[in-house]
Amino acid sequence: MKVSAQKEYGLRCLLAIANKGAGATMTIPELSEAEGMSQPYVGKLMSILRKGGYVTSTRGQIGGYCLASPASEIKLSAVLAELGGRLFSEDFCDRHPGIQEQCAHLHDCALNGLWAKVQAVVDEVLSQATLQDLVDRKFDVFSNVDRESTIPVMQ
């Protein structure tokens, strides 16, 4: 299980727009430069986010993309689902049977419960987290860092 580039970069584009402030717009070239991505890739991501209802687009000289809702109303779980789904889903074993038609551990899997538990914890965190939480750096591990060791300090 890993976070796909599409999820990471899609969130980064939304965050870049949100950091500009309410009602602000950014163009594909601006997002591309700010996030270090190609313009075609940014265009693809913004198309997905527009179709999902997270951004709106305006054509013209002062056009660009802006958030469709306030950042505090945009749930990260929904955005990530739009950008590619969950980290682990119940059909995982059906999609990864190895060289066989069905997984060798279909009815006796020691791993499936672990992945389901990890997904449940991830779902709980993401369903409560908003884009505004990212703007406010609520999850910033470096806000609690012992600067000499660069290891996050637990509170």
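Above: the structure in question.
Remember, it's a predicted structure, so these values are computed and weren't measured experimentally. (Residues numbered from 1 in each chain as written. Predicted model: local features only at pLDDT ≥ 70, side-chain atom pairs only at ≥ 80, totals over all residues. Heavy atoms only, no water.)

Engineer: I'd like a rundown of the overall build of the protein chain, residues and numbers included.
Structural biologist: On a plain count of helices and strands, the protein chain comes out with seven helices and four strands. Secondary structure of the protein chain in N-to-C order comes out as α-α-α-β-β-α-α-α-α-β-β. For the protein chain, the residues scored as buried account for 28% of the 155 residues in total. When contacts within the protein chain are restricted to residue pairs at least 6 apart in sequence, those whose partners lie at least 24 apart make up 65%. In the form shown here, the protein chain has an accessible surface area of approximately 10,300 Å², with 53% of it arising from carbon and sulfur atoms. (Helix = DSSP H or I, 4+ residues; strand = E, 2+ residues; numbered from the N terminus. Buried < 20%, exposed > 50% of the residue type's maximum accessible area, 1.4 Å probe, protein only. Contact = heavy atoms within 4.5 Å. Areas by Shrake-Rupley, 256 points an atom, 1.4 Å probe, with all protein chains shown as cover.)

Engineer: Can you lay out the packing of aromatic side chains for me, pointing to particular residues and giving the numbers?
Structural biologist: Scanning the model with the defined rule gives one aromatic pair in all. Relative to Tyr41, the ring of Tyr9 lies with its centre 5.9 Å away and its plane at 90°, an arrangement referred to as edge-to-face. Of this pair, Tyr9 sits in helix H1 (residues 5-20) while Tyr41 sits in helix H3 (residues 39-51), placing them 32 residues apart in sequence. A relative accessible area of 27% means that Tyr9 is categorised as partly exposed. Since its relative accessible area comes to 21%, Tyr41 is described here as partly exposed. (Phe/Tyr/Trp six-rings, centres within 6.5 Å; stacked < 30°, edge-to-face > 60°.)

Engineer: Tell me about helix H2 (residues 28-35), residues and numbers included.
Structural biologist: Among the residues making up H2, those that are buried are Leu31, Ser32 and Glu35. All buried residues of H2 fall inside an arc of 100° around its axis, so they share one side. Tucked inside the fold, the buried residues of H2 contact H1 and H3. A positive phi of about 70° marks Gly36, the residue just after H2. (Arc of directions from axis to C-beta.)

Engineer: Can you tell me about H1, naming the residues and giving the values?
Structural biologist: Over its 16 residues, H1 runs 23 Å from end to end, which matches the ideal 22 Å to within 8%, given 1.5 Å per residue. Along its buried surface, H1 packs onto H2, H3, strand E1 (55-58), strand E2 (64-67), helix H4 (76-82) and helix H7 (131-135). Following H1 by one or two positions, Gly21 has its phi on the positive side, about 110°. (Expected span 1.5 Å × (residues − 1).)

Engineer: Describe the nonpolar core, listing the residues and the values that go with them.
Structural biologist: Within the largest apolar cluster, 26 residues are counted, with the highest numbers of intra-cluster contacts made by Met46 and Leu67. If you list the elements that add at least two residues to this core, you get H1, H3, E2 and H4. Looking at this core, the element that brings in the most residues is H1, giving six residues. Discounting residues that sit within four places of it in the chain, Leu67 has contacts with Leu14, Ile17, Ala18, Tyr54, Val55, Ile74 and Leu131. (Core = buried A, V, L, I, M, F, W, Y, C linked by side-chain atoms within 4.5 Å.)

Engineer: Outline unusual backbone geometry, listing residues and values.
Structural biologist: The phi dihedral of Arg137 is positive, around 60°, even though this residue is not glycine. Within the secondary structure, Arg137 sits in the loop between H7 and strand E3 (145-146). Residue class for Arg137 comes out exposed when judged on its relative accessible area of 55%.

Engineer: Tell me about the pattern of salt bridges, and name the residues and values.
Structural biologist: Under the counting rule described, the total for this entry stands at one salt bridge. In this structure, the salt-bridge partner of Glu35 is Arg12, at a minimum N-O distance of 2.8 Å. Highlighted residues: Glu35 in helix H2 and Arg12 in helix H1, separated in sequence by 23 residues. (Salt bridge = Lys/Arg side-chain N within 4 Å of Asp/Glu carboxyl O.)

Engineer: Hey, could you go over the pairing of E1 for me, with residue numbers and the actual values?
Structural biologist: Relative to E2, E1 runs antiparallel, the two being bridged by four bridges. Within E2, the residue paired with Ser57 across the bridge is Tyr65. Joining the antiparallel neighbours E1 and E2 is a turn of five residues, in which Gly60 adopts a positive phi near 105°. (Pairing = 2+ DSSP bridges.)

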